[in-house]
Each structure stands twice: as structure tokens, then as C-alpha cells.
Amino acid sequence: MGSNSENDVIRKTLPENLRGVRFHFVGVKGTGMAALVEILSARGAVITGSDVSERFYTDEVLERVGVKALPFSAANVTDSVDFVVHSSAYSADKNPDLAEAARRGIPTMLYSEALGAVSGTAFSSGVCGVHGKTTTTGMVGTILKEFDIPSQALAGSVISSFGNSCTMTSGSFDSSSGKKFFVAETCEYQRHFMAFQPKKIILTSVESDHQDYYPTYMDIRDAFVDYIMKLPEGGTLVYCADDRGAVETAGIALEKRPDIKAVPYGERADGGFRLKFSAVENGVHSFCIASLGEFSIRVPGDHNVRNAAAAIALCVDILKSAGKTDGEILEKYVPLIRRGLLNFAGGKRRGEIVGRAKTPAGEDVVFIDDYGHHPTAIRTTLAGFREFYKNHRIIVDFMSHTYTRTAALLDEFASSFGSADCVIINKIYGSAREDASAAKVTGEMLAERARMHHPSVVYAGEFDEAASVGLSMLSEPSGARDGYLFVTMGAGDNWKVGRAILDELGGK
């Protein structure tokens, strides 16, 4: 007889054909949970779910696939349910659905475990890294839509080219013949990605982050190494040769596992995916991949060109796993990759244009919201905006996320706003997992430190104050041919600042 852990793994293994398999989701309105509902529904699974009565944007996602969130109740779980999936916010000692599942002996899985189980039912690729996971996954999925192979993708945010969904399904998963491909964004926090079962991995970047869980750089680096170790013999690691942490992590992993196929991409890459940047003109950023030729994207920033190179490399490798020859790839599929990349228009809170308005003086203002919450992401994203929106004056409103991250990277944050003309800094957006009273850093301290690096920094802790400051800045002549770019940036809810100004100016 197997051990309890072995039996648990068996109980959490899904059949390859999910048609008719019944799942109940507890906390179904969560972004990741709703996305997984879409993935499973597209494969023919039968879904029910429960959550609080408050309406969220994910209600529309769920309604689209015929799932209505029920109130929490033991009556939701019967013997007809095969698996129960729940978010980490709920446990059997407090939730009636989970208590009933435990009483009936129905297998239960956290979201990360369920995603891992789903990955085991297809030929799966995981996209990981401190930066760029969502965008890269969105690019891969948008390209795969162009191909004639059964594929699904799951990103961590809404992707416009997925039909304003977090997921994409192309082709049929019902047929028993041929490989079915699944690509998902996989998260390093608390090692959630260790539940995933990848055949291929994209590694975009590795540096210190999530300091509450990974106190040192070595801690987070080693987690990525362990994830790469999950690749099967001959599995593929696509990694960024321009990112020092990714290169170091890949080197450690490949020394331990020389059987892994290494595919570097970037300006410093050796081989077919060496990258060369080209011009930025008329809202299009062009670049060249050594073995495949010219490509273009419509989203700003060199970092997004690198994300596109990663997506191209993975999609080419997926095509080879689908049995396509080099000749077929060059003749038939490279043009489809080009088209897919041009169809990619970004994701929600990833350089998202949320509106346009006129200043009191009649100048144009473009409002952008971005999730960038790490110094490297701030620096590269703003540099991308500076290059893409050459003739704009850039104002950024920034809200730092978590006291631990801000304290650990205070100097890096303070020096990351160089591409902006004016900076507004809000109070810190704390995490429920932190003790705010014990925090040794504040938003005002960050603003003071930022003034050592930037000539125009204003601290406005509350959103109404920040909106007032922003409106005042927009009342001054920009001195730029095309007016202003107003950017709200961070993992908090300071998008409300941009929304308030946009409404005040009567924009859309």
C-alpha cells in the first residue's frame, strides 16, 4: 500500500479527457480561479462554484461559460462532485463547502495544485520570472491562436487579444490523437510553481523580490533552480541571456541537468534567438531574430521586445514538439508568428491605455495604468514609454507595494523614475501578510529618497491629494509637441488617481 502522500498525489491527478468531470470551485470569483474555470469548461468539464455575493468583474467571465456563483453551503457539495478546488482564503474549519468535501472524502486542491494537475493532462509549458510573466504568456497565447494545433493559454491578467479574458483556447481537446499544448503563467511566490508539471519553461528574469518569503537573492534564485529541475529528460529551458539572474540560474540548473535543452534569447544570446533591436516608428517597435528575420510589436519598451523574443522561441519549440519541420516553420508558421505578435495589444494593467482627455489649455493627455511594482519593472517600463511616446511630458503616480519590498529595495525604488518628468508618490500599499505597525519605511521616506535622484518629486499620500497634485501639473503648459502621458503605476489601487483626473477633465 502506498504512503498517504502517494495516495494524495493519485487523488489529485486528473484524467487526460476532462469531458463530464465535475468540479466545484470555492472562492470561484478570484481571478486565477475564474481563469481555471474557463480552461476546464473549454475541455468539457462540468463546473459549479461558490463565493461571496459582492459582484466582481469575474462574474462576467463566469457567466460567459454558464457558471453562477452560489452562496457558500454544504449543499453545494454532493457525491456527484469529483474534485473541489479552493483558494487559499478558505479552509475546511471555516467554510461549509470544504467541510462537506472533507466529510465525503472528495479530493480537494488549492488553485496552484489544480493548475498543476491540469498541466499534467497536456503537453505543458510554464512561463516564470520576476518580471514579464503575464505579458510573455499573453504573447505566446496570441501566437498560438494562429496555429493549427490544439492549445490553451492561461495568463495572470486579462489579455485583450484573448477576447478580454485571462485564457485562450484554440482547437479541440476532445480528440484522443495528437498532443494538446498548454501554456500558463507560473508564480514563484511561496513556490507555487512547484505544483506545475512543465515540459518546457520560459525564464524571463531572476532578482530579489517577495522578501517576506525569500529574504535573500539566493533564496529566490534557488527556488527557480528547483522549478527548472522539474523538467523531464530533454525538456527545454528558454531563458533571457540579457538578465544576469536568469543566466546565473540557468547555469546552475544546466550544470546539474546537462540533459536539458537550453535556448537563450536576447542581445547577448548565442544561437538562433540572438536579438537585434530596430526602429520605433508610428507606434510599432521592430526587431530582428537571428534565425527567423524581422518582427514587430505594438506595445512599448525594450523589455517587451525581449518578452516577444521569448514567446517566439517557445512557440518555435512547441511547433517542433508538434512534429513540424524546420522548413514548415520557416515557410508557414513564421508569418503566423509575425501576425500574432502584431495582434497582441497588451493586458489589463500592463501598459493599459485607460483613457484620453484634454487639459484646461487644450493639450492632449493619454492615461496609462501599469502594474510595475519592482524597481527594475518601473525603470524599464518608463524607459519604454519615453521611447514610444517621444513627444510627451510624462507624469507618473506611484504606489509602492508591501513594506518589506520597499524597505529592502528603497534606494533602487528611489532611483527608478529617471524617464519621468514629474513623480507623485503615494502612501505604501501594505499586504495583509505584513504588520504595518512594525514597518520601518513609509511612502514619505521613499519620496524624500527619490528627491536625491529626481528634480520633481511630490509626496501625496492619499488619492484625492494625488489627484489634486496631478491636475495642477496638467494645468501647466507641457512644452511637449504631443502633450502629456499620465501614468499610474504599482500593484495597489492608485489607478483611482488616474480615473479621478480623467473624470475631472471629462475624458473617456
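Residues numbered from 1 in each chain as written. Predicted model: local features only at pLDDT ≥ 70, side-chain atom pairs only at ≥ 80, totals over all residues. Heavy atoms only, no water.

Peer 1: Quick rundown of the pattern of salt bridges? Include the residues and the values.
Peer 2: Under the definition given, this model contains 28 salt bridges. We note a salt bridge from R55 to E63, for which the minimum N-O separation is 3.0 Å. Judged by relative accessible area, E63 falls into the partly exposed class, the value being 44%. Across the pair R257 and D259 runs a salt bridge whose closest N-O atoms are separated by 2.7 Å. For D259, a relative accessible area of 29% corresponds to the partly exposed category. (Salt bridge = Lys/Arg side-chain N within 4 Å of Asp/Glu carboxyl O. Buried < 20%, exposed > 50% of the residue type's maximum accessible area, 1.4 Å probe, protein only.)

Peer 1: Go over the sheet that holds strand β15 (residues 352-358) with me, naming the residues and quoting the values.
Peer 2: With mixed pairing, the six strands of this open sheet are ordered in space as β15-β16-β20-β17-β18-β19. What marks the edges here is a single partner per strand, and that holds for β15 and β19 (457-459). Averaged over all pairs of adjacent strands, the angle between their axes in this sheet comes to 20°, without regard to strand direction. Strand direction decides the pairing type here: strand β16 (residues 364-370) and strand β20 (residues 484-489), joined by six bridges, are parallel. Its bridge partner lying in β20, D369 is registered against T488. Where helix α14 (residues 443-450) meets the sheet, it contacts β17 (393-398), β18 (422-425) and β19, and its direction lies at approximately 165° from that of β19. Helix α15 (residues 463-474) rests against β16, β17, β18, β19 and β20 of the sheet, and its axis sits at about 170° to β18. (Pairing = 2+ DSSP bridges. Helix = DSSP H or I, 4+ residues; strand = E, 2+ residues; numbered from the N terminus. Axes fitted to C-alpha atoms, helices over the stretch in contact; angles between N-to-C directions. Contact = heavy atoms within 4.5 Å.)

Peer 1: Could you give an account of the packing of aromatic side chains, naming the residues involved and the relevant values?
Peer 2: Two numbers describe a pair of aromatic rings. These are the distance of the centres and the angle of the planes. Using the criterion set out here, one finds 15 aromatic pairs in the structure. Summarising the aromatic geometry, the rings of F182 and F196 are spaced 6.3 Å apart at their centres and angled 35° between planes, so their arrangement reads as tilted. Note that F182 is positioned in strand β8 (residues 181-185) and F196 in the loop between β8 and β9 (200-203), a separation of 14 residues in sequence. Here the two residues F182 and F196 agree in accessibility, since each one is buried. On the basis of an interplanar angle of 10° and a centroid distance of 4.3 Å, the ring pair of F193 and Y227 is categorised as stacked. Here the residue F193 occupies a position in the loop between β8 and β9, and Y227 occupies one in helix α7 (residues 217-228), the gap between them amounting to 34 residues. Classification of Y227 by relative accessible area gives buried; the value is 0%. Pairwise contacts between aromatic rings join Y189, Y213 and Y214 into one cluster. In this structure, R43 packs its charged tip against the face of F182, placed 5.7 Å from the ring centre. The residue whose ring lies beneath R338 is F295, and the NZ or CZ to ring-centre distance is 5.0 Å. (Phe/Tyr/Trp six-rings, centres within 6.5 Å; stacked < 30°, edge-to-face > 60°. Lys NZ or Arg CZ within 6 Å of the ring centre and 35° of its normal.)

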